[in-house]
Amino acid sequence: MKLITYSHQGSTHPGVLTAGDTAVYPLPYPSMQALIEAPWEQVRAAARQVSGEPIPLEQVTLLAPIPSPRQDIICLGMNYLDHAAESARYDGDSFRKDSAIPVYFSKRVAEAVPPGGWIESHPGLVEQLDYEVELAVIIGKAASKVPAERVSEYIFGYTIVNDVSARRLQTTHKQWYFGKGLDGFTPMGPCITTADEVAFPPALAISAKVNGELRQSSNTRLLITSIADIIAELSSGITLLPGTIIATGTPAGVGMGFDPPRFLKSGDVIECAIENIGTLRNSVR
Ligand code: MG
């Protein structure tokens, strides 16, 4: 199933897309978070029982699939070899990473940017605005001390996150929290593809374009630390609650990876795409 959150005639609903992704049926839950927390068999039954005419997508406003995540997004830094290399070339002090030990950090998100929504450029604060297409994993049930071989049972689905970054802030402050967590820095969507429709571990084409020019192009099978290992390690000491979002890192081709760097400017259009999920298109305000 492909699940979206949308508003229609003044109210917001989670819904399931029809085949071809052209229309949506509402599902009987108050929010995507509530849907994720509901028993999976119940959700599937609800999706099978939809009836009547679906609502054409042109008549709804898409929101991010989880518009206001309950907690900050957990992110992986430098989790593709080629991106780790371009980051180290840009700033060896700020982007040093030893061997295969994952870098975890947190991305603040009070309100995710919807498909088609604005990435905020924060004039006067941000000078080096950058994009990062990432596969985001959504946890479906509380995960504590989960062995790697059972991780797939805990995954609800997958979406796309653009881990928008202010490089100057990211590297000036010792921690990345401020430079990654500004308002309007977390585009998410367009949908959640449920885990039953993605072979595990995911091996999906992932790409990003800026103004139509291909900048990033890779495959999610190239993660340095796999989704199984990420969730096994984190859950060894942190209970990951349903609705937790984990952004698994970005491949090479971000703006700071070019020489000279090619940062974003007002009016730029960024298209983040992942096979079997869709395309997340946003513009810089
Ligand atoms: Mg990132």
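Refer to the structure above for everything that follows.
Conventions and cut-offs
Residues numbered from 1 in each chain as written. Predicted model: local features only at pLDDT ≥ 70, side-chain atom pairs only at ≥ 80, totals over all residues. Heavy atoms only, no water. Helix = DSSP H or I, 4+ residues; strand = E, 2+ residues; numbered from the N terminus. Rg over C-alpha atoms; globule rule 2.2 N^0.38 Å. Buried < 20%, exposed > 50% of the residue type's maximum accessible area, 1.4 Å probe, protein only. Contact = heavy atoms within 4.5 Å. Areas by Shrake-Rupley, 256 points an atom, 1.4 Å probe, with all protein chains shown as cover. Lys, Arg positive; Asp, Glu negative; His and termini not counted. Charge placed at Lys NZ, Arg CZ, Asp CG, Glu CD. Disulfide = S-S within 2.5 Å. Donors = N, O, S within 2.8 Å, 3.2 Å for Na, K, Ca; no water. Pairing = 2+ DSSP bridges. Phe/Tyr/Trp six-rings, centres within 6.5 Å; stacked < 30°, edge-to-face > 60°.

Asks: Can you break down the overall build of the protein chain residue by residue, with the values?
Replies: The helix and strand inventory of the protein chain stands at 6 helices and 18 strands. Over its C-alpha trace the protein chain gives a radius of gyration of 18 Å, about what one expects of a compact globule, namely 19 Å for 285 residues. In terms of principal-axis extent, the alpha carbons of the protein chain reach across some 55 × 45 × 30 Å. Here the protein chain, with 285 residues, has 54% of them falling under the buried criterion. Within the protein chain, contacts between residues at least 6 apart in sequence are counted, and of these 75% link residues at least 24 apart. If you sum the accessible surface of the protein chain, you get close to 12400 Å²; carbon and sulfur atoms cover 52% of it. Taking the average location of the 23 positive side-chain charges in the protein chain and that of its 30 negative ones, the two points are 2 Å from each other.

Asks: Could you give an account of the state of the cysteines, with specific residues and numbers?
Replies: A disulfide bridge is the covalent bond that connects two cysteines by way of their sulfur atoms. With the rule as written, the count across this model stands at 0 disulfides. Left without a disulfide partner, Cys-191 is nearest to the cysteine sulfur of Cys-272, which lies 14 Å away.

Asks: Pulling in residues and values, what's your account of the coordination of the magnesium ion?
Replies: At this site the magnesium ion is bound by Glu-132 (OE), Glu-134 (OE) and Asp-163 (OD), with donor distances of 1.9 to 2.1 Å. Along the chain, the residues donating to the magnesium ion are arranged with the sequence spacing E-x1-E-x28-D. Glu-134 carries the same exposure label as Glu-132, and that label is buried.

Asks: Outline the sheet that holds strand β14 (residues 205–210), listing residues and values.
Replies: Strand order in this open sheet of 5 strands is β8-β18-β17-β14-β15, and the pairing throughout is mixed. The sheet is open, and its two borders are formed by β8 (118–119) and β15 (213–219), each paired with just one other strand. With 2 bridges joining them, β8 and strand β18 (residues 278–284) adopt parallel strand pairing. In the sheet register, Ile-119 faces β18, and the bridge partner there is Val-284.

Asks: Can you explain the pairing of β15? Please cite residues and give values.
Replies: Pairing of β14 with β15 involves 6 bridges; the strand directions are antiparallel. The residue of β15 that forms the bridge with Ala-205 is Asn-219. The loop that links β14 with its antiparallel partner β15 comprises 2 residues; one of these, Asn-211, has a positive phi angle of about 50°.

Asks: An account of unusual backbone geometry is requested, with residue identities and associated values reported.
Replies: The omega torsion of the bond from Phe-200 to Pro-201 falls at 0°, within 30 degrees of zero and hence cis. Structurally, the position occupied by Pro-201 is in the loop between β13 (188–194) and β14. Despite not being glycine, Gln-9 shows a phi value in the positive range, around 50°. Along the chain, Gln-9 falls in the loop between β1 (2–8) and β2 (11–17). Judged by its relative accessible area of 75%, Gln-9 is exposed.

Asks: An account of helix α6 (residues 227–235) is needed here, citing residue identities and associated values.
Replies: Here α6 lies mainly inside the structure; 7 of its 9 residues are buried. Elements in contact with the buried residues of α6: β6 (73–77), β7 (103–107), β10 (133–139), β11 (155–162) and β16 (245–247).

Asks: Residue-level account of the packing of aromatic side chains, with values.
Replies: Scanning the model with the defined rule gives 4 aromatic pairs in all. With 6.2 Å between their ring centres and 75° between their planes, Tyr-90 and Phe-263 make a pair best called edge-to-face. Highlighted residues: Tyr-90 in helix α3 (residues 81–90) and Phe-263 in the loop between β16 and β17 (269–274), separated in sequence by 173 residues. Centroid distance Phe-95 to Trp-176: 5.6 Å. Interplanar angle 50°. Geometry classified as tilted. Of this pair, Phe-95 sits in the loop between α3 and β7 while Trp-176 is found in the loop between α4 (167–172) and α5 (177–180), placing the two residues 81 residues apart along the sequence. No difference in accessibility class separates Phe-95 from Trp-176, as the two residues are buried. Through successive ring pairs, a cluster of aromatic residues spans Phe-95, Phe-105 and Trp-176.

Asks: I'd love a proper account of the pairing of β18, names of residues and values included.
Replies: As defined by bridge partners, β17 adjoins β18 across 6 bridges and the pair is classed as antiparallel. Across the sheet, the residue bridging to Cys-272 is Leu-280, located in β18. The antiparallel hairpin formed by β17 and β18 contains 3 residues in its connecting segment, where Asn-276 sits at a positive phi of about 70°.

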